[in-house]
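Observations on chain architecture
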Amino acid sequence: MTKARTNASASPAVGRNMIINGAMNVAQRSASVTGLGANGNLFHTVDRWKTNLNLTAGRFTMTQTADGPNGISANCLKIDCTTVDTSIAGGEAFILHQPIEGQNLQRIGKGVAGAKQITASFYVKASAAFTFALELFDEDNDRQISKLFDTTTDWVRHEIIFPADVDDGSSPFGDDNAISLDFNFWLHAGATFTGGTINTASFANNNNANRAVGIDSIFSNTANNFFLTGVQLEVGPVATEFEQEDIGTTLTKCQRYFHSTTFANGKAASAGGLVNSSTIGVISGMTHPVIMRAAPTAAINDVTHMGVRQRAAVTTCTNVTFGTSQRACTMELTVSSGLTVGDGCFARAINNSCTLSFDAEL
């Protein structure tokens, strides 16, 4: 079913949407990244939305764009083709997707008696008429189902009902913090994924050839653009009104998977009261804004942008080592020399701004 820029009339209780940041309102990493398209399965701009690319020569810019449908969201995710790929090899793929934790999917009851239908809805437009595919891919049991949808140059709401997957009782989603479901938008694919018959009727054991049959390619022309927002996945055979979520709630959900902190040049990156543990080192720490999905991988944009201030002197770090947990992290700051054991100090940004990032993404 397709509706143009409208909502369903019902307004059920909040929390029904299993998609995080479906309104594309949070973009902690960047609002725009150019030159994308090389192999990889990575996050770039809008939080929780990942690009999975394989073998393609196509390139694109990905942005959080203030061009959403009125009354749904001010923002959307935009894919802008910058380099074409019209000679499509068999294994090529471009999937825009959101990976979802198993413990956030238990309401579906998938793979066992009593499993429920689920409905996806989203607002989409493009620079021209295209056919693309939405796929639900069960990562726990290697099962999938795909549905085709069309774009126009105007915002259109698509509502797609997926049947319950009762299977034989042996393929439920894992009740844990690992990935169980990939919510996939197929925007480009080679014969490896288009050489069969698209699987639309029911969940089935995966056959790659049946995943994206009939789709067009976003890389067919540098004039091609794809816009997406208002994405929702809910239990039942009815697409309800897009759930308008408080931005603070959305940000908190996103920070479970990723957050970053930037300290301006000359500003403290730790509280006072730290004590030098040696002539070349001090241990600092910080608490994550939320409990993260798992102990994150920590990174610093440039070690030389962090320093240790002892009294009036600031010494540039030569290394920063992190120890992380779901709740907090420690930072062991190393300098070449000059610290006095037992003296008080604090970490601060120097030379330029310093950014610390913490990644617990699926």
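Structure report, in brief. (Residues numbered from 1 in each chain as written. Predicted model: local features only at pLDDT ≥ 70, side-chain atom pairs only at ≥ 80, totals over all residues. Heavy atoms only, no water.)

What about the overall build of the protein chain?
- Broken down by element type, the protein chain carries 2 helices and 23 strands.
- Counting the 362 residues in the protein chain, one finds 49% classified as buried.
- In the protein chain, the share of contacts with a sequence separation of at least 24, taken over all contacts with a separation of at least 6, comes to 78%.
- Put simply, the protein chain shows about 14,300 Å² of open surface, and 49% of that area lies on carbon and sulfur atoms.
- Charge separation in the protein chain, taken as the distance between the mean sites of 24 positive and 31 negative side-chain charges, equals 7 Å. (Helix = DSSP H or I, 4+ residues; strand = E, 2+ residues; numbered from the N terminus. Buried < 20%, exposed > 50% of the residue type's maximum accessible area, 1.4 Å probe, protein only. Contact = heavy atoms within 4.5 Å. Areas by Shrake-Rupley, 256 points an atom, 1.4 Å probe, with all protein chains shown as cover. Lys, Arg positive; Asp, Glu negative; His and termini not counted. Charge placed at Lys NZ, Arg CZ, Asp CG, Glu CD.)

A closer look at the sheet that holds strand E18 (residues 297-300)
- Taken together, 3 strands build an open sheet; the order of strands is E15-E23-E18 and the sheet is antiparallel. The open sheet has two edge strands with one neighbour each: strand E15 (258-263) and E18. Strand-to-strand, the axes of this sheet are offset by a mean angle of 15°, without reference to chain direction.
- Across 6 bridges, the pairing between E15 and strand E23 (residues 354-359) is antiparallel. Directly across from His259, in E23, lies its bridge partner Phe358. (Pairing = 2+ DSSP bridges. Axes fitted to C-alpha atoms, helices over the stretch in contact; angles between N-to-C directions.)

Considerations on the sheet that holds strand E20 (residues 313-324)
- Taken in spatial order, the 6 strands make up an open sheet running E16-E22-E19-E20-E21-E17, and their pairing is antiparallel. If you trace the sheet from one side to the other, it starts and ends with strand E16 (274-275) and strand E17 (281-287), each paired once.
- Sheet analysis places E16 next to strand E22 (residues 344-349), joined by 2 bridges and oriented antiparallel. Note that in E22 the partner of Leu274 across the bridge is Cys345.

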